[in-house]
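# Coordinate analysis (summary)
The lines below spell out each chain.
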Amino acid sequence: MTAIPRRPLGTTGVDVSILCLGGFHIGVPSEAEATQIIHQAIDGGINFLDNAWEYNDGESERRMGNALAQDGYRDKVRLATKLPTWAVNEYADFDRLLSEQLGKLQTEHIDFYLLHALRRSSWEKVRDLDVLNWAEGAIADGRIGHLGFSFHDTYDAFEEIVDAYDDWTFCQIQYN
């Protein structure tokens, strides 16, 4: 089997496989099939896994967590998941949601944490609730390795969000 090439992810110093296993559909097959998919991907050289709070009503994060908890698989990957910005109504929600995700994923840290589905309105809401200060605290205490965002809006909104913070690690942009 040919090894999957890896590339540095921005300036993080982290090399990730050029293919990522997304968790969107991990909640659809049986638990055993989901575990098999995850283990085969990692055994085949994928070291970057991506998920999100709402994928299959949280089932995808839970199943990925179960698969990664087996036989040291968590130590073989870099894990990304996303904060559901629409579920944030007060500052305390940042910690509550991250804690629930850490529990479902059965890990003490998320390597890459994204503010999910940002658009101008959701950005203004979480910005005004001081998400960047909260995220810097979660990075300092080790629960988050790097901060990014996924994006679903206009170029002007993108510029506003990118320019608001110097330490974004990366952005996932909807492209279709």
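All of the points below concern the structure found in this document. Think of each chain on its own: its residues are numbered from 1, step by step along the sequence as written. Selection of residues for local features in this predicted model requires a pLDDT of at least 70, selection of side-chain atom pairs for listing and counting requires 80 or more, and totals for whole chains, interfaces and linings are taken over all residues. The side-chain numbers reported here are obtained from all heavy atoms of the structure, hydrogens and water having been left aside.

The next subject is a negative patch on the surface. Residues enter patches when their relative accessible area tops 30% and they take part in no salt bridge; the joining distance is 9 Å for like charges and 5 Å for the nonpolar side chains Val, Leu, Ile, Met, Phe, Trp and Tyr. Only the protein chains shown count as cover for residues, and the accessible areas themselves come from Shrake-Rupley with a 1.4 Å probe. One side-chain nitrogen of Lys or Arg within 4 Å of one carboxyl oxygen of Asp or Glu is enough to make a salt bridge. As used throughout, the charge tally considers Lys and Arg to be positive and Asp and Glu to be negative, leaving His and the chain termini uncounted. The atom standing in for a charge is NZ when the residue is Lys, CZ when it is Arg, CG when it is Asp and CD when it is Glu. Among the surface-exposed residues, E136, D156, E159, D163, D166 and D167 lie close enough to one another that they form a single negatively charged patch. The element contributing the most residues to the negative patch is helix α6 (residues 155-163), with three residues. Within the secondary structure layout, D156 lies in helix α6. The exposure class of D156 is exposed, given its relative accessible area of 52%. Numbered from the N terminus, helices here are DSSP runs of H or I no shorter than four residues, and strands are runs of E no shorter than two. Relative accessibility decides the category of a residue: with a 1.4 Å probe and only protein chains considered, values under 20% of the type maximum give buried, values over 50% give exposed, and everything between is partly exposed.

All right, on to the sheet that holds strand β5 (residues 78-83) then. Here, strands pair whenever DSSP counts at least two bridges between them. The parallel open sheet is built from six strands, whose spatial order is β3-β4-β5-β6-β7-β8. Each edge of the sheet is formed by a strand with only one pairing partner; in this case those strands are β3 (21-22) and β8 (170-173). With four bridges connecting them, β5 and strand β6 (residues 110-118) associate as parallel partners. Of the residues in β6, the one forming a bridge with T81 is Y113. The contact rule is simple, with two residues in contact once any of their heavy atoms fall within 4.5 Å. Axis definition: a line fitted to C-alpha atoms, over the contacting stretch in the case of helices. Angles run 0 to 180 degrees between N-to-C directions. Helix-sheet contacts for α6 involve β6, β7 (144-151) and β8, and the interaxial angle to β7 is about 165 degrees.

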